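Structure at a glance
These are the residues of each chain, in order.
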Amino acid sequence: MSHVLLAALLVASSTATAQVPAGGTPPPAPAEAAPAPAPAEPPVVAPAAPAAVQPPAAEGESVTRDDLEATKQELRGEIRAEAAKQSLNGEEWSEEYPEEKRKLEVFTLDGYFRLRPTLFYKFDLGRVPVPNQDIFPAVSGRRGENTQSFATMRLRLDPTFNVSEQVKIKLQVDGLDNVVMGSTPDSLYPGDQRNVFTIFSEDQESLGDTLSDSIKLRRAYGEVNTPVGILRFGRMGSHWGLGMLRNDGNCFDCDYGDTVDRIQFVTEPFAGWYVTPMLDFNSEGSQYRGGAQGEPVDLTQADDAHSWVLAIARRDTDAQIRSKLDNNQGVLQYGLHFTWRTQNYDNVKDANNQPTGAFIPRDASLYIPDLWLRYEERNWRLEFELAAVLGNIGNRALAANQTTFDQSLSVAQFGGVAQGEVKVADNKLTLGLELGFASGDKAPGFGNYPGRKGSGTNDYTNPGDVEGPQYRCDGGGCSDSAIRNFRFNRDYRIDLILWRELIGGVTDAFYVRPSVKYAVAPGIDLYGRLIYSQALYAESTPSFTSKSLGVEVNAGVDYTTEDGFLAGIAYGILFPMGGLQAYTDALKADLETPHSIRGWLGVKF
């Protein structure tokens, strides 16, 4: 029986309820339209239905409305069954109800443009300038200048080319990346003779490699969805957990970002469990280029540094998290990111940090576990990240002729962050607390930039130095052969002045940061932070005698609209403590209080 015939029978059955038997009363209104059933409804006698639909009623027997409703339900069921059969066996159903297919967007674009005006005041802390012991750089010939003010910009594009629904190519392109406004006047353009004096400049030029890159292709990788997982390959960002150790730098206020050459495969063997093996190409060493545009050749694998990485995580999707939180359920997520990195030989670099073709036996290996855990409910959250960098460098020499510098160095670094927050007052007020630590040792200097030369023999650090190597060896052996200072990622920001600008990242210290944020209106947030910082070892500080580094207060306001406009301003003031004082008595002075004002304007899309 075709579904058309069944539909006709259904209509006939419905019509029967509207007929009036001889001598009867008019039928009531349909049940859907009646506000309430009639107190006493006379029985309605229905005409005989076809045998295939309804058995004939006995003479004098009436058919009730319930009987007719049951018949209609039966007819509807037969219509659905017949329609399903025809949709499988013929083309008629698909022609009447064509399947609507989603149109593939071949190109999608995300990104942002930002402008950040900034003011620094007394960032030298009033210290007497001394080489290797300056906390903040000063312009030659302008020492003692208290104020630096400038503005930077960046255009970041994250385009995606959808070859198909399963195959994609993703890029990240930066334009005018952190270019200081007014930094590329036409008077500085190579070969330009129109404006000898900068004051006559009326135009900003894109100077290419001379001063800044106008366009920089940061990342490019392919992504393929397979039946068993997602394959990614190319140059991509690397991020894990809170971003304490690995941070892709994709936040609006970030400046750096970890970019890796990687092949990875993301699979979900069980619902919510993700297993991701990865191979990172950290350094390939010596290469040969047959021509200007020819394919380069990696001459040897001996000097390569590769990482074998495995990440295992239990995570929920954003939709699952929202659903659980809306239903007052807790959300638990956690994971382990483990890296094993090796290098047998290292390439000797020249003064321009370019490979020379000479090799040094390095015999180095690193083991880097990173554990992350997050638990949250509707009104509160706890989140932790704990990481270690362990390993050995078999030969510390940096030049081929350093035959007596073959001592080995051990690596033992530990760092962690704990965050907690509670939302009160209808989720408008957020109270937060963050604790963080990074291991260190008694070697002078913080060790964020171990490539900088210290003031001691063999360029090692002396008491009072701010930066330099964190080990001490000479031809006769090592008095300190361990590298213990853990370094937070530079895009993991906790303040505006001390760690972000003066020291360059959390290391060899711990900090405590209570915070408060209040949602004044949709899109407008006021916030404040108090950060106390202290070195783990007094010998690491510029003072060499005090651990306390300072107390910093930050306050600001954020404004965000639904159409992607962002604006805000933040103020910071640092009260320096004894650890930032000069080491030598003759150079000691009352430390001045630095201030910072940062603003930002941006558009996200």
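Remember, predicted model here, so these are calculated numbers, not experimental data. (Residues numbered from 1 in each chain as written. Predicted model: local features only at pLDDT ≥ 70, side-chain atom pairs only at ≥ 80, totals over all residues. Heavy atoms only, no water.)

Section: the overall build of the protein
- Scanning the protein for helices and strands turns up five helices and 23 strands.
- Looking at the protein as a whole, 37% of its 605 residues are labelled buried.
- Contacts spanning at least 24 positions in sequence make up 62% of the contacts within the protein whose residues lie at least 6 apart.
- For the protein, the exposed surface amounts to about 33,400 Å²; the carbon and sulfur share of it is 57%. (Helix = DSSP H or I, 4+ residues; strand = E, 2+ residues; numbered from the N terminus. Buried < 20%, exposed > 50% of the residue type's maximum accessible area, 1.4 Å probe, protein only. Contact = heavy atoms within 4.5 Å. Areas by Shrake-Rupley, 256 points an atom, 1.4 Å probe, with all protein chains shown as cover.)

Things to note about the state of the cysteines
- All chains considered together, the criterion is met by two disulfides.
- The disulfide partner of C251 is C254, and the S-S distance across this bridge is 1.8 Å. The sign of the S-S torsion, about 105°, decides the handedness of the disulfide formed by C251 and C254: right-handed.
- In this structure C254 comes out as buried when scored by relative accessible area, which is 1%. (Disulfide = S-S within 2.5 Å.)

Details of the pattern of salt bridges
- By the definition in use, this model includes 28 salt bridges.
- In this structure, R114 and D255 form a salt bridge, with 2.9 Å as the shortest nitrogen-oxygen distance. Note that R114 is positioned in strand β1 (residues 107-121) and D255 in the loop between β5 (229-237) and β6 (259-270), a separation of 141 residues in sequence. Neither R114 nor D255 differs from the other in exposure class; each is buried.
- Its salt-bridge partner being D346, residue R362 comes within 3.1 Å of it at the nearest N-O pair. One end of the pair, R362, is in strand β12 (residues 355-377); the other, D346, is in strand β11 (residues 331-349), with 16 residues separating them in the sequence.
- With relative accessibility at 8%, the residue R362 sits in the buried group.
- Residue classification places D346 among the buried positions, given a relative accessible area of 17%.
- Residues participating in the shared-partner salt-bridge network are R114, R116, D253, D255, D491, R493, R500, E501 and R598. (Salt bridge = Lys/Arg side-chain N within 4 Å of Asp/Glu carboxyl O.)

Concerning the nonpolar core
- Counting 40 residues, the largest nonpolar core has F486, F488, Y492, L498, W499, L502 and Y511 as the members making the most contacts within it.
- Looking at this core, the elements with two or more residues in it are β1, β13 (380-393), β14 (409-424), α5 (498-503), β19 (509-521), β20 (524-535) and β22 (565-576).
- In this structure, F488 is in contact with M244, G416, V417, F437, A438, V506 and Y511, ignoring residues within four places of it in sequence.
- Counting six residues, the second-largest nonpolar core is a separate cluster that includes W240, V309, A311 and A313. (Core = buried A, V, L, I, M, F, W, Y, C linked by side-chain atoms within 4.5 Å.)

Remarks on the pairing of strand β23 (residues 595-604)
- Judged from the eight bridges that link them, β1 and β23 form a sheet pairing that is antiparallel. Within the sheet, the bridge partner assigned to F113 lies in β23 and is V603.
- As paired strands, β22 and β23 are joined by nine bridges and run antiparallel to one another. Residue L566 lies in a different strand from β23, and its bridge partner there is G602. (Pairing = 2+ DSSP bridges.)

Some details on the packing of aromatic side chains
- Overall, the coordinates contain 18 aromatic pairs when judged by the stated rule.
- The interplanar angle of 80° and the centroid separation of 5.6 Å between the aromatic rings of F120 and F150 together place this pair among those described as edge-to-face. Placement of F120 in strand β1 and of F150 in strand β2 (residues 147-162) is noted, with a sequence separation of 30 residues between them.
- The class of F150 is partly exposed, set by a relative accessible area of 29%.
- With 6.4 Å between their ring centres and 75° between their planes, F488 and Y511 make a pair best called edge-to-face. Residue F488 is located in the loop between β18 (482-483) and α5, and its partner Y511 is located in strand β19; the two are separated by 23 residues in the primary sequence. (Phe/Tyr/Trp six-rings, centres within 6.5 Å; stacked < 30°, edge-to-face > 60°.)

As for unusual backbone geometry
- With phi around 65°, D459 is a residue other than glycine that occupies positive phi space.
- A positive phi angle is found at F544, which is not glycine, with a value near 70°.
- Residue placement: F544 occurs in the loop between β20 and β21 (548-560).

Observations concerning the side chain of R116
- Position of R116 relative to the elements: it lies in strand β1.
- The buried category is assigned to R116, whose relative accessible area is 4%.
- Side chain to side chain, R116 and D253 meet in a polar contact 2.8 Å long.
- Those residues in contact with R116 that lie beyond four places of it in its chain are F150, A151, T152, N178, D253, D255, R500, R598, G599 and W600. (Polar contact = N/O pair within 3.5 Å; in protein donor to acceptor, adjacent residues only side chain to side chain.)

Some words on the environment of R490
- Considering the arrangement of structural elements, one finds R490 in the loop between β18 and α5.
- By relative accessible area, which is 41% here, R490 ends up partly exposed.
- Excluding residues within four positions of it along the chain, R490 makes contact with Y256, Y449 and G504.

Re the confidence of the model for the protein
- On average, residues of the protein score 83 in pLDDT, and 78% of them are at 70 or above.
- In this model residues 1-61 is a low-confidence stretch, pLDDT under 50, and it forms 55 contacts with partners more than four residues away in sequence or in other chains. (pLDDT = per-residue confidence, 0-100.)

A few points about the side chain of D480
- Mapped onto the fold, D480 is located in strand β17 (residues 477-480).
- Here D480 sits buried without a salt bridge, and the closest side chain of opposite charge, R484, lies 4.1 Å off (N-O distance).
- A distance of 3.3 Å separates a polar atom in the side chain of D480 from the backbone nitrogen of A482.
- Sequence-distant contacts of D480, defined by excluding residues within four places in its chain, comprise D441, A443, Q470, Y471, R472 and C473. (Lys, Arg positive; Asp, Glu negative; His and termini not counted.)

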